[in-house]
Each structure stands twice: as C-alpha cells, then as structure tokens.
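Residue-level structural notes
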Amino acid sequence: MASVGHLRNFFVMHKSGKIYFTKNCTFLPKGSVRADLLVVGFSSSASNFCRTMMGEDIREVVSSKGRIIYRQFGDFTFIAHSNFKTGSSLIQSILRDIGGLCEFLFGSHEHWDEDLFDLKGAQDIISTSFVKASQDPSIIVGGLNQISLDTDISERLDKLLAFVEFQEGVCGNGTMIMLGDSVLHTRFAQHETRMILQYNKARPLGSSTVRFTPVYCLGSWHNLFLIRLQSYVLAVLTMIGKSYTVLQKKVDEFRISFIQSRLEIPAEDPPVLLRLFAKRETLAMLYHNIRTGCTIFPQLRPGPDVQQKEIMSSFWAFFSDASYCLKVPGTTECSTTRDQYTFYARSEGVHKLFVL
C-alpha cells in the first residue's frame, strides 16, 4: 500500500535535551541540513527546545525545510518531521499511536524516567510501528482492520474465546484472534485491541509458537500471550505472574474445538477491492465506524506506480482538510473540487466516509 504521507524522521527526546531514539535520520537532499539538527535548531539549545514544549500537548512548527510536529508524553517529547504535503492531522495520529504503544510496553508515561524508559530493547517495535503507521489508514483514523464475518460465525467465535477466559488467571474480555494484520474476532475493548494488533504487526511471531510479554493496560500490568494456531494468532491476557503452563490445557482444548468447528472463515487475510464498493469514477475511499473501530480502505485499482502515488497523495491532502471541516459544530458533510479531483466527506452518527 502506498504511504499516507512523506514522513522523513522521527525522534524521542527527553526534557534534558538527550535524544533517546531516532528513525530515518538521514541526510536530506544536497544543500539541506541534517533533520536532527533542523529539529534542535528551532531553539537555541536542545534543553531550551524541550522546556519550550513542556505543558503543550501537540504543537507544530513550519519552516522552509518542512513541517515539525511534536507531542509530549510526561518528560519525553515525540517529534515527527515531514514534508508540507503531509497533513498535520495525519502526523498527530501517528504520534498518538506510537506513544500509546510505548505506554502499552513501558507503562503510563507519568512514570517514565531516564532509567526505566529504555527503548533499546524495543527499537525494532518502534521502528516497524513508525513505518506501519505511515502506511496504515486504520491508524490514521484510530480504527481497526477487521475481517468481515457472518453474525453466526462471530457469535460462535465469541463463545470459543469466552471458553478460554473461563480459566483462573485469565482476564475477562481478554482474548482475541488475529489473521495477518487484521482482527478476526476480539473480546477486548477497542483501545486494547488496537495496541495488541499493532504490537503483533511490529513483532510478528514468525516461526515461534508462543510469546509472552508483560504489558500495561486497563490501569495495571498483565501478561500477554500470543499463540500460533496454524495461520491464526490467539491473544490471551492474564494476571501478572501467570505462566503459560496454566493456559496450555485450555489453549489445546480451544485449538481442537476451533479446528473441529469448521467455521467458514478465511485462511489468509483477504484483499479488500475497491470495485466491491464503488464505480470506476471513485479513485479511493475510506470508511470508519467510530463505535466498533471497523475501518475499510479498499486497495486502489491496478495502475502505474506514479499514478497510485498521486492518488494517495491527493486523497490524504483532501482528507486532512476535510477532517478539520467535520470538526466544526453542526458540519456533517463537505465537498471540495481541486485540479481534476472531487473529494466528498460525510459524518453521520458513528459512521464516517471519505471518497475521492
């Protein structure tokens, strides 16, 4: 999938001025300054820069070299650097989600300090999440990639997952099953579902069958187990300190029931094609249900790479403008025509639709 924008660099900086993490800190085109120097150059020193940020939730600086947006998490500031074509709302969404994933792995940002907030062991997760976030429309709108299933199949999956939760130490509403980068069925709340899905995207199981990770959610620490079941991944949240041996018998029983149930579910993440939703006049579309988190962004129709990049760039430029428009009280739809494109956005109840 084409990128939602052109994000050049990403930084995590402590209020002392120390840079904790960098991603894609490369030299810009000939004649440009280094992006990290560009960021720090907005104030007389790195520490002054960070002190200026303190107390601000999200802030933006625009220079002749590009757009800088930053978001504060306690004593740390997350900074993104992009070109002018990438809308502020897109970058803010990426910073929000990467910050949320850091809290999922390191605890509430209120307790982060220079010793405990150590990103060295999670550099692969943060780096991959940064790249994935810039390519995943569901992250931009705070949604989920969900595989559509018949109601009766969802109900049967829900009962199977509830069976796993009927085990001492397993959290209620603490199971889900994933296929590829999408949710097949979940009993988690939307935020926890999103964090687990993003973690699984950033650090997939690969050839492993089980992985255990301490995670911070629902206001306390828990154990998260990711368990491979053929092409699927089962996520189970337990009380802190519980080992996999406590779960193994229940998981084995779930595995047998899941296979023998012969549910009509896909064996791989199915593609979502634009022709199933719209006529050829529609170049791109995004649907988001803010209650369930369900997000649909169909694949663009086949075409030259240059053309697809142009469509994506135009879509996200329009999307950023439309998002601000829909935030105006009383505004439920807007339409914009520019160059050869017409963009339409509508918000009705829990439904949001954006069409190019």
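Above: the structure in question.
For the structure given in this document, a descriptive report is provided here. None of the values given here were measured: they were computed from a predicted structure. (Residues numbered from 1 in each chain as written. Predicted model: local features only at pLDDT ≥ 70, side-chain atom pairs only at ≥ 80, totals over all residues. Heavy atoms only, no water.)

The terminal C-alpha atoms of helix 3 (residues 88-106) lie 27 Å apart, and with 19 residues this matches the ideal 27 Å at 1.5 Å per residue to within 8%. Judged by how many residues are buried, helix 3 sits mostly within the fold: 15 of 19 residues are covered. (Helix = DSSP H or I, 4+ residues; strand = E, 2+ residues; numbered from the N terminus. Expected span 1.5 Å × (residues − 1). Buried < 20%, exposed > 50% of the residue type's maximum accessible area, 1.4 Å probe, protein only.)

Right, let's talk about the sheet that holds strand 15 (residues 341-348) for a bit. Pairing between sheet strands relies on hydrogen bonds along the backbone, with the strands arranged either parallel or antiparallel. Spatially, 6-13-12-16-15-14 is the arrangement adopted by the six strands of the open sheet, whose pairing is mixed. Two strands in the sheet have a free side with no partner beyond their single neighbour: strand 6 (144-145) and strand 14 (333-338). The sheet contact formed by strand 14 and strand 15 spans six bridges and is antiparallel. Bridged to S335 within strand 15 is Y344. Docked against the sheet, helix 9 (residues 305-326) engages strand 12 (285-289), strand 14, strand 15 and strand 16 (351-355), running at close to 40° with respect to strand 15. (Pairing = 2+ DSSP bridges. Contact = heavy atoms within 4.5 Å. Axes fitted to C-alpha atoms, helices over the stretch in contact; angles between N-to-C directions.)

In this section: empty space enclosed by the protein. Going through the model one piece at a time under the given rule, you end up with one cavity of 30 Å³ or more. What the largest cavity holds in volume is close to 30 Å³. Around the largest cavity, the lining residues are S138, I139, G143, L144, R194, L197, Q198 and K201. Of all the secondary structure elements, the ones that give two or more residues to the lining of the largest cavity are helix 5 (137-140) and helix 7 (190-202). Per element, the largest residue contribution to the lining of the largest cavity is four residues, and it comes from helix 7. (1 Å grid on protein atoms, 1.4 Å probe; cavity = no way out; pocket = protein on both sides within 12 Å on 5 of 7 lines; lining within 4 Å. Points joined across faces, edges and corners; volume = space filled by probe spheres on them.)

All right, on to the pattern of salt bridges then. Evaluated as defined, the whole model comprises eleven salt bridges. Between D97 and R194 there is a salt bridge, with the nearest N and O atoms lying 2.4 Å from each other. With D97 in helix 3 and R194 in helix 7, this pair connects stretches of sequence that are 97 residues apart. R194 gets classed as buried once you look at its relative accessible area, which sits at 7%. Put simply, R346 and E333 hold a salt bridge, and the shortest N to O gap is 3.3 Å. (Salt bridge = Lys/Arg side-chain N within 4 Å of Asp/Glu carboxyl O.)

What follows covers the layout of surface pockets. What the largest pocket holds in volume is close to 1100 Å³. In terms of lining, the largest pocket is formed by 37 residues, of which the most central are N145, S182, D269, P270 and V272. Of all the secondary structure elements, the ones that give two or more residues to the lining of the largest pocket are helix 5, helix 6 (151-165), strand 8 (182-186), strand 13 (294-296) and helix 9. In terms of residue count, strand 8 provides more of the lining of the largest pocket than any other element does, five residues in total. When the residues that make up the lining of the largest pocket are grouped by side-chain class, the tally is 19 nonpolar, twelve polar and six charged. (Nonpolar A, V, L, I, M, F, W, Y, C, P; charged D, E, K, R; others polar.)

Treat this as a map of the structure, not an account of what it does.
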